[in-house]
Amino acid sequence: HMEVQEGRVTLSLRELGEASGAVKARMLLQLFDCLGTGRKDIGSAHLQAILTMARSTATGKEGRLDLPHGVTARFCRGWLMLETRPQPLTEVQLQPGQTVTWGDWRLTLLDHREGAGVALRQRRQEESAVVTVAPVVPGERLSLPETRGGGRSIKRLCLDHRISLAERDRLPAIYAGGELAAVWRLGVDEAFIPSAGAPCRFIRIERSAEKEETP
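None of the values given here were measured: they were computed from a predicted structure.

Here's the deal with the pattern of salt bridges
Part 1 of the reasoning: A full pass over the atoms with the stated rule returns 14 salt bridges.
Part 2 of the reasoning: Measuring nitrogen to oxygen at the nearest pair gives 2.7 Å for the salt bridge that ties glutamate 3 to arginine 168. Linking glutamate 3 in strand β1 (residues 2-5) with arginine 168 in helix α5 (residues 165-168), this pair joins segments that are 165 residues apart in sequence. For the pair glutamate 3 and arginine 168, a shared accessibility class is recorded, and that class is buried.
Part 3 of the reasoning: Among the ionic pairs, aspartate 104 bridges to arginine 170, the shortest N-O distance being 3.5 Å. Taken together, the residues aspartate 104 in the loop between β7 (99-102) and β8 (105-110) and arginine 170 in the loop between α5 and β13 (173-176) connect sequence positions 66 residues apart.
Part 4 of the reasoning: Through salt bridges that share partners, Arg106, Glu114, Arg204 and Glu206 make up one connected network.

See below:
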């Protein structure tokens, strides 16, 4: 249930929550081992602090916790991530007509299609739904029109598209009303694809100026 990459390990909070108390502690210590920092100086107080925050963020809120050896525990949308590298990208709300620079990208929420980006359905009851951009969580899933048999994990889709781990971590994930609606370069979830000619919310996505390639 754990994903390991350089500078980060990721574990589902659901899997952690379903384990017994003694197993929870061993699972967390194993995370530190796989991260490469080891478990030295990680005491019961640190483990309890992680579990306490995990329970408080299980509803979807984000949380952070500083730990020994320069490790940060980050809780995001049902996932626990232990990281040793800086993670400047956070979840940001998109406001209509305002351009947000997020990582390597500029995003603008519009009420019409303009340029490259993703279009999301807009029903009357969804007009006030908050739209945000956030880092990709590997365990999240998208149901794309071309995939059959249900949704596929972001990790699997990135492998299919030959997107590296470093690229994946900086892809803009678009959430509408707290639900994953689209991931740039991967597609829009079937539940959020607008009907032909129907009103939509459009997120225009462009490379940041400093990341644009020189001709």
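A word on the nonpolar core
Part 1 of the reasoning: Ranked by size, the top nonpolar core spans 21 residues in total, and within it Leu28, Ile50, Leu67, Leu80 and Leu82 carry the most contacts.
Part 2 of the reasoning: Secondary-structure elements contributing two or more residues to this core are β2 (8-12), α1 (13-18), α2 (21-35), α3 (44-56), β3 (63-67), β4 (71-76) and β5 (79-83).
Part 3 of the reasoning: Among the elements that line this core, the one with the most residues is α2, at five residues.
Part 4 of the reasoning: When near neighbours in sequence (up to four residues on either side) are disregarded, leucine 67 contacts Phe32, His46, Ile50, Ala73 and Leu82.
Part 5 of the reasoning: Among the nonpolar cores identified, the runner-up in size contains 20 residues, and Val118, Leu120, Val188 and Ile205 belong to it.

Focus: the environment of aspartate 33
Part 1 of the reasoning: Along the chain, the position of aspartate 33 falls in helix α2.
Part 2 of the reasoning: Owing to a relative accessible area of 33%, aspartate 33 belongs among the partly exposed residues under this scheme.
Part 3 of the reasoning: Considered as a pair, aspartate 33 and valine 9 are 24 residues apart in the sequence and their alpha carbons are 9.9 Å apart.
Part 4 of the reasoning: Setting aside residues no more than four positions away along its own chain, aspartate 33 makes contact with Gly38 and Arg39.
Part 5 of the reasoning: Only 2.4 Å separates the side chain of aspartate 33 from the side chain of arginine 39, close enough to count as a polar contact.

Here's the deal with α3
Part 1 of the reasoning: When the terminal C-alpha atoms of α3 are compared, their 18 Å separation across 13 residues agrees well with the 18 Å that a helix rising 1.5 Å per residue should span.
Part 2 of the reasoning: Looking only at α3, the buried set comprises Leu47, Ile50, Leu51 and Ala54. The buried residues of α3 occupy an angular sector of 95 degrees when the element is viewed end-on, so they sit on one face.
Part 3 of the reasoning: Where α3 is buried, its residues touch α1, α2, β3, β4 and β5.

A short note on the pairing of β1
Part 1 of the reasoning: Of the two faces of β1, only one is covered, namely that formed by Glu3 and Gln5; the face formed by Met2 and Val4 stays uncovered.
Part 2 of the reasoning: Pairing geometry for β1 and β2, over four bridges, is antiparallel. Following the sheet pairing, glutamine 5 is matched in β2 by arginine 8.
Part 3 of the reasoning: Hairpin connection of β1 to β2: two residues between the antiparallel strands, including glycine 7 at a positive phi of 80 degrees.

A word on the environment of proline 194
Part 1 of the reasoning: In this fold, proline 194 is placed in the loop between β15 (187-188) and β16 (200-207).
Part 2 of the reasoning: Assessed through its relative accessible area of 13%, proline 194 is described here as buried.
Part 3 of the reasoning: With residues up to four places along the chain from it excluded, the contact list for proline 194 reads Arg113, Ala119, Leu120, Arg121, Pro199 and Cys200.

Criteria and cut-off values
- Residues numbered from 1 in each chain as written.
- Predicted model: local features only at pLDDT ≥ 70, side-chain atom pairs only at ≥ 80, totals over all residues.
- Heavy atoms only, no water.
- Salt bridge = Lys/Arg side-chain N within 4 Å of Asp/Glu carboxyl O.
- Helix = DSSP H or I, 4+ residues; strand = E, 2+ residues; numbered from the N terminus.
- Buried < 20%, exposed > 50% of the residue type's maximum accessible area, 1.4 Å probe, protein only.
- Core = buried A, V, L, I, M, F, W, Y, C linked by side-chain atoms within 4.5 Å.
- Contact = heavy atoms within 4.5 Å.
- Polar contact = N/O pair within 3.5 Å; in protein donor to acceptor, adjacent residues only side chain to side chain.
- Expected span 1.5 Å × (residues − 1).
- Arc of directions from axis to C-beta.
- Pairing = 2+ DSSP bridges.

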